[in-house]
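Understanding the architecture of this molecule
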Amino acid sequence: MSAGGPTPAPVAVAVVGSVHQDLHLRVDELPRPGETLMAREWERSPGGKGANQAVACATANQAVACATAGARTAMVGAVGGDAAAETVVQALEVAGVDVATVERLSGRATSTAVVTVSADGTNSIVVAADASVALAAGAVEAALGRLPGLAVVLSQAEVPEEVVRAAVTGAAAAGARTVHNLAPYRPADAALLARCDPLVVNEVEAAALARDLGLAGSEPEELAGRLAASCASVVVTLGARGAVWARGRERGHVPAPEVPVVDTSGAGDAFVGALCASLARGDGLDDACAAGVAAGARAVQHRGAQAARPSVDASSEPSLA
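Residues numbered from 1 in each chain as written. Predicted model: local features only at pLDDT ≥ 70, side-chain atom pairs only at ≥ 80, totals over all residues. Heavy atoms only, no water.

**A word on the pairing of strand 13 (residues 243–247)**
Most of strand 13 is tucked away, with four of its five residues classed as buried. Here strand 13 folds back onto strand 14 (residues 250–254) in antiparallel fashion, the turn holding two residues, of which G248 has a positive phi close to 60 degrees. (Buried < 20%, exposed > 50% of the residue type's maximum accessible area, 1.4 Å probe, protein only. Helix = DSSP H or I, 4+ residues; strand = E, 2+ residues; numbered from the N terminus. Pairing = 2+ DSSP bridges.)

Written out as structure tokens, the structure is:
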């Protein structure tokens, strides 16, 4: 920017993570090992945990009039040099996400996730990562350093560990809050956990982390309390039962409303994005969890991880090429 130019709007939340294209396959039941099924419908849509959460965060910020009105959500990630990159980056822009810090890697393909969704909304996901895992840690720290007014830096485990560490370092340098969504699950070291405020996990991830840390407990509320000893705060999402949170000796449970379920694939990301938007506005963890639960409940009522999109009847298309 040239001297004397307009001052950039503050960035409330920077999301460091994956940007994918999703291929959704709709089937009656999820396939069993060795079984081949014909999809009833299929569709391509933007995805990636990072991008999904950035869209959810930007949407939440736009929907709430608050003191940080005008603050932006920025995406820090990487896409390939292919046609899919244009589609997924444009989707971020349309949702109001700042994409200036999304890198285009010409020698890479945009990462792709294959999402199989059964008739009851249950899903199974396989990710073919390429550009998203080629994001350099140094580029992440540099990108975060260029974003003014950071309140929250959010990361997930769909990018390499060194990228998550760079997000934590960049957040500390900016004086921002670190939120980490440990999904998909992998062991986390003490240094990362200590910076999480909160660490966000689902029930399965919470149990796996507790086992790795040698902690007892099986109930989500109990696990959240025990994990909080390693983190500044912890949130455990419970799907249709809402979410529980813990900070020190404080505990809370936010129940979820009963809603019709179409597709669960975007619910967790919607929760995390809305939670971060709420935290960036200065809300407490209880209110932020309530915002996340409400966003997750809305997300399961439409297809796709970011927004409802027209589907393709599998019988009307000869191929996926």
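**Focus: unusual backbone geometry**
Residue P184 is reached from A183 by a cis peptide bond, and omega for that bond is -5 degrees. Mapping P184 onto the fold places it in the loop between strand 10 (177–181) and helix 5 (190–195). Going from D197 to P198, the amide bond is cis rather than trans, its omega being 10 degrees. Summarising the element assignment, P198 is placed in strand 11 (residues 196–202).

**With respect to the environment of A39**
Along the chain, A39 turns up in the loop between strand 2 (20–26) and strand 3 (41–47). Between the C-alpha atom of A39 and that of S118, which follows or precedes it by 79 residues, the distance is 9.8 Å.

**Notes on helix 4 (residues 161–174)**
Taking 1.5 Å per residue, 14 residues should reach 20 Å; helix 4 reaches 20 Å between its end C-alpha atoms and fits that length. Of the positions making up helix 4, those classed as buried are V163, V164, A166, A167, V168, G170 and A171. Looking at the buried side of helix 4, the elements it contacts are strand 1 (11–16), helix 3 (137–145), strand 9 (152–156), strand 10 and helix 5. Just downstream of helix 4 lies G175, where phi reads positive at about 70 degrees. (Expected span 1.5 Å × (residues − 1). Contact = heavy atoms within 4.5 Å.)

**Here we look at helix 6 (residues 203–213)**
Among the residues making up helix 6, those that are buried are E205, A206, A208, L209 and A210. Tucked into the core, helix 6 has its buried residues touching helix 5, strand 11, helix 7 (220–227) and strand 12 (234–237). Capping of helix 6 at its N-terminal end is provided by N202; its side-chain oxygen lies 3.1 Å from the backbone amide nitrogen of V204. (Polar contact = N/O pair within 3.5 Å; in protein donor to acceptor, adjacent residues only side chain to side chain.)

**Concerning the pattern of salt bridges**
Applying the stated criterion across every chain, the model contains 13 salt bridges. Between R72 and D98 there is a salt bridge, with the nearest N and O atoms lying 2.0 Å from each other. A residue pair is termed long-range when its members are at least 10 positions apart, and R72 in strand 4 (residues 72–80) and D98 in strand 5 (residues 97–98) qualify at 26 residues. Classification of D98 as buried rests on a relative accessible area of 17%. The partner of E222 in a salt bridge is R226, and the shortest N-O contact between them spans 3.4 Å. Here the residue E222 and the residue R226 both occupy positions in helix 7, the gap between them amounting to four residues, near one helical turn. (Salt bridge = Lys/Arg side-chain N within 4 Å of Asp/Glu carboxyl O.)

**Focus on the environment of E162**
Checked against the element boundaries, E162 lands in helix 4. On a C-alpha basis, the gap between E162 and L135 in space is 9.6 Å, while along the polypeptide they are 27 residues apart.

**Brief notes about the confidence of the model for the protein chain**
Predicted confidence across the protein chain gives a mean pLDDT of 89, with 89% of residues reaching 70 or more. Segment residues 308–321: pLDDT under 50, and 28 contacts once partners within four positions in sequence are set aside and those in other chains are kept. (pLDDT = per-residue confidence, 0-100.)

**Observations regarding the packing of helix 1 (residues 49–63) against helix 8 (residues 267–280)**
Close contact between helix 1 and helix 8 brings their axes to 7 Å; oriented N to C, the two are set at 50 degrees. As summarised for this structure, helix 1 and helix 8 are arranged oblique, according to the angle between their axes. In terms of crossing hand, the pair formed by helix 1 and helix 8 is right-handed. In this structure, helix 1 contributes K49, N52, Q53, A56, C57, A60 and N61 to the contact, and helix 8 contributes D269, A270, V272, G273, A274 and A277. Here the contact of helix 1 with helix 8 is composed, by residue class, of seven nonpolar, four polar and two charged. (Axes fitted to C-alpha atoms, helices over the stretch in contact; angles between N-to-C directions. Parallel < 35°, antiparallel > 145°, perpendicular 65-115°, else oblique. Left-handed = near helix turned anticlockwise from the far one by under 90°. Nonpolar A, V, L, I, M, F, W, Y, C, P; charged D, E, K, R; others polar.)

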